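Examination of the molecular architecture
The residues making up each chain are set out below.
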Amino acid sequence: MPDMPVTRLPSGISVPSLGLGTWKMGEDARSADREVESLKRGLDLGMTLIDTAEMYGEGGAEIITGRAIADRRDEVFLVSKVYPWNASRRGVIDACHRSLSRMKTDRIDLYLLHWRGEHELEATVAGFEDLRETGKIGAWGVSNFDADDMEGLLDVPAGENCAANQVLYNLSRRGIEYDLLPWCQQRGIPVMAYSPIEQGRILRNAELVRIAKAYQATPAQVALAFLIRQQGVIAIPKSSSPERVEENACAMALDISDRDWQALDLAFPPPRRKLPLEML
Ligand code: NDP
């Protein structure tokens with residue numbers, strides 16, 4: 001397998017451009033061992049960024065994550081998220097401590113505001129900065145922020161320390177290419193693409209299937225390769241199947257011709273005007 005492509009964070013740290021999602025994990029005890037195994041398989045294959053949140057399985061996904069990283073914490077770049085209603089200055093600190101104890105670790109590498117809620121960004125950012133100063137988190141960022149939200153964030157004290165924006169981005173949801181993606185690229189703020197295979201819904205698209213076949217690849221691999229070829233984009237596919245994690249990891253090895261990328265542009269057209277950021 002070739003080397004994993006990497007994305008640089010504003011701090012200068014490089015993280016793999018292909019990571020592991022965890023939404024829907026930790027909801028059913030009967031699936032737990034397989035979920036842990038899937039994450040471990042991903043880590044073995046170089047997908048050493050894990051994305052989780054206090055929301056997923058109401059803490060259950062963080063417990064699964066904690067099990068997967070137990071004897072290899074230093075290999076992993078750990079991302080978690082705080083609920084908006086917990087995102088007061090004091091609330092983010094308390095939520096972070098709960099997440100740390102569920103994951104049985106002493107630090108989260110990147111801690112995100114899951115989406116914008118009722119708390120002032122000033123308060124959330126101040127809480128994030130407190131956590132950074134005490135070493136509980138390495139960096140902080142946001143999720144589901146459109147370009148105008150990002151502009152607003154920069155007006156907040158320490159807002160310029162935002163290290164990532166995690167948003168819905170895949171072949172069938174290319175709206176961010178019009179404004180948000182270039183905005184982030186110009187400022188060196190990575191975009192984490194969530195639902196990178198549109199939760200499986202795009203995988204039967206005829207053109208995607210045709211191109212995948214031409215490379216002896218799968219539609220999921222082509223969909224992921226599309227994302228990680230963009231500068232400053234990290235894709236975080238979720239799978240609770242070790243075999244599918246292996247399949248997804250192989251996306252990094254795909255070398256697709258310009259002609260086929262153009263064919264995909266016809267099947268999944270890029271935006272021609274501003275579209276509001278979509279959310280799942
Ligand atoms: P994905 O696009 O990653 O799709 C996940 C679904 O696709 C699962 O049902 C999975 O099933 C299936 N799947 C995975 N790999 C393959 C494959 N190779 N072939 C066919 N099916 C496959 O969707 P998610 O919504 O889970 O997004 C990824 C991650 O992004 C989340 O897990 C979460 O960490 C994050 N996220 C963040 C959000 C936010 O608001 N910040 C919102 C949504 C997601 P199976 O597990 O059975 O393999």
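Report follows, based on the coordinates. This structure is a prediction, so every number in the text was calculated from the model and none was measured.

Cut-offs and rules
- Residues numbered from 1 in each chain as written.
- Predicted model: local features only at pLDDT ≥ 70, side-chain atom pairs only at ≥ 80, totals over all residues.
- Heavy atoms only, no water.
- Helix = DSSP H or I, 4+ residues; strand = E, 2+ residues; numbered from the N terminus.
- Contact = heavy atoms within 4.5 Å.
- Polar contact = N/O pair within 3.5 Å; in protein donor to acceptor, adjacent residues only side chain to side chain.
- Near = heavy atom within 4 Å.
- Nonpolar A, V, L, I, M, F, W, Y, C, P; charged D, E, K, R; others polar.
- Pairing = 2+ DSSP bridges.
- Axes fitted to C-alpha atoms, helices over the stretch in contact; angles between N-to-C directions.

Some words on the environment of S80
Here S80 lies in strand 4 (residues 77-82). If near-sequence neighbours (up to four positions away) are discounted, S80 is found in contact with T52, A53, E54, E62, S99, M103, I108, L110, Y111 and L112. In this structure the side chain of S80 is engaged in a polar contact, spanning 2.5 Å, whose partner is the side chain of E62.

With respect to the site of the ligand
The full set close to the ligand counts 26 residues, and D51, Q199, K238, S239 and S240 are the nearest of them. In the model, an oxygen atom of the ligand is placed 2.6 Å from a nitrogen or oxygen of the D51 side chain. Among the elements that take part in the shell around the ligand, helix 9 (residues 242-249) stands out by supplying 3 residues, more than any other. Taken together, the residues of the shell around the ligand sort by class into 9 nonpolar, 11 polar and 6 charged.

A look at the environment of Q199
Position of Q199 among the secondary structure elements: in the loop between strand 8 (191-194) and helix 7 (206-214). As a C-alpha pair, Q199 and N170 span 29 residues in sequence and 10.0 Å in three-dimensional space. Ignoring any residue separated from it by four or fewer positions in sequence, one finds Q199 in contact with W23 and L280. At 3.1 Å, the side chain of Q199 and the side chain of R201 are in polar contact.

Things to note about the sheet that holds strand 7 (residues 165-168)
Here we have 7 strands laid out as an open sheet, ordered 3-4-5-6-7-8-9, and parallel in their pairing. Strands with a single pairing partner mark the edges of an open sheet, and in this sheet they are strand 3 (49-51) and strand 9 (233-235). Across this sheet, the average inter-strand angle for adjacent strands is 30°, counted without regard to direction. Here 4 bridges tie strand 4 to strand 5 (residues 108-113), and the two strands are oriented parallel to one another. Bridging across to strand 5, S80 finds its partner in Y111. The sheet contacts of helix 3 (residues 89-103) involve strand 4, strand 5 and strand 6 (137-143), and relative to strand 5 the element is tilted by about 135°.

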